[in-house]
Amino acid sequence: MLFRSITIYVDSKIDRYRTQMIHNRRRFRQWKLTQMIVAGLIPVISTFGSASDMPKRHPGLTLSILGVFGFSILVVEAVQQIFQFQQLWNSYRVSYDSLDGERFLFTADAGPYRSLDPESKIRMYAEHVEALISTGQSERNKIIMKLEEELKASPTAAPTAN
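About the cut-offs
- Residues numbered from 1 in each chain as written.
- Predicted model: local features only at pLDDT ≥ 70, side-chain atom pairs only at ≥ 80, totals over all residues.
- Heavy atoms only, no water.
- Helix = DSSP H or I, 4+ residues; strand = E, 2+ residues; numbered from the N terminus.
- pLDDT = per-residue confidence, 0-100.
- Contact = heavy atoms within 4.5 Å.
- Core = buried A, V, L, I, M, F, W, Y, C linked by side-chain atoms within 4.5 Å.
- Buried < 20%, exposed > 50% of the residue type's maximum accessible area, 1.4 Å probe, protein only.
- Phe/Tyr/Trp six-rings, centres within 6.5 Å; stacked < 30°, edge-to-face > 60°.
- Lys NZ or Arg CZ within 6 Å of the ring centre and 35° of its normal.

## Section: the environment of R26
Residue position: R26 is located in helix α1 (residues 2–51). C-alpha separation for the pair R26 and W89, spaced 63 residues apart in sequence, amounts to 8.9 Å.

## What about the confidence of the model for the chain?
One rule of thumb: low pLDDT means the predicted coordinates there are not for detailed reading. On average, residues of the chain score 88 in pLDDT, and 89% of them are at 70 or above. Note that residues 157–162 has pLDDT below 50 and, in this model, two contacts with residues that lie over four places away or in other chains.

## Regarding the nonpolar core
Nonpolar side chains in soluble globular proteins tend to be buried together. Core analysis: the largest hydrophobic core is formed by 21 residues, its most contacted members being V10, Y17, M21, L99, Y125 and V129. Among the elements of the structure, α1, α4 (85–107) and α5 (118–153) are those that each provide at least two residues to this core. Each residue touching Y125, except ones within four places of it in the same chain, is listed here: I6, V10, E102, R103, F106 and Y113.

## Focus on the packing of aromatic side chains
Under the criterion given, the structure shown has seven aromatic pairs. Centre to centre, the rings of F83 and F85 are 5.7 Å apart; their planes meet at 20 degrees, and the pair counts as stacked. Here F83 falls in the partly exposed class, since its relative accessible area comes to 46%. Judged by its relative accessible area of 10%, F85 is buried. Between F106 and Y125 the ring centres are 3.8 Å apart and the planes differ by 10 degrees, which places this aromatic pair in the stacked class. Separated by 19 residues along the polypeptide, F106 in helix α4 and Y125 in helix α5 bring together distant segments of the chain. Grouping residues by exposure puts F106 and Y125 together as buried. Among the aromatic residues, ring-to-ring pairing joins F3, F106, Y113 and Y125 into one connected group. A cation over an aromatic ring shows up here: K121 above the ring of F106, its NZ or CZ 4.7 Å from the ring centre. Against the face of Y92 rests R140, its NZ or CZ located 4.3 Å from the ring centre.

## Re unusual backbone geometry
Despite not being glycine, Q84 has its phi angle at roughly 50 degrees, a positive value. Within the secondary structure, Q84 is located in the loop between α3 (61–83) and α4. A positive phi angle, close to 60 degrees, is found at S115, a residue other than glycine. As for its position among the elements, S115 is in the loop between α4 and α5.

Here it is in structure tokens:
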């Protein structure tokens, strides 16, 4: 019964970390790709604008478009910094890989689980799993605390009520 409970708990944590890892990786890549595409369009549009007669018909349009694209890059970078997708992706990946490796050692009776009686094996597994989960959560808490400190220190941060 205890073995089943621990197995269900570890499997649910592994699934959760895998889901969060994929979510944050996907968000990071989407925002980074958007940033790169917009940045790449700036020289293309500036060349297009000067090579055609569009500036004569619509003066300032090319500069306005370039300004919007430049501002878009700033917004995308701000979103990446605020939500810390890359750092969270790495943190969840490390937690996922660690738990998955520990589960493998446990089920294969390898590493520290070799030649242990079943009760000691389960106890050690539970202790190792909890240590890995605590370490991963501590790392993510540091990321979030750093983010909150940066937001508070930002001159554009909303004033807090005293």
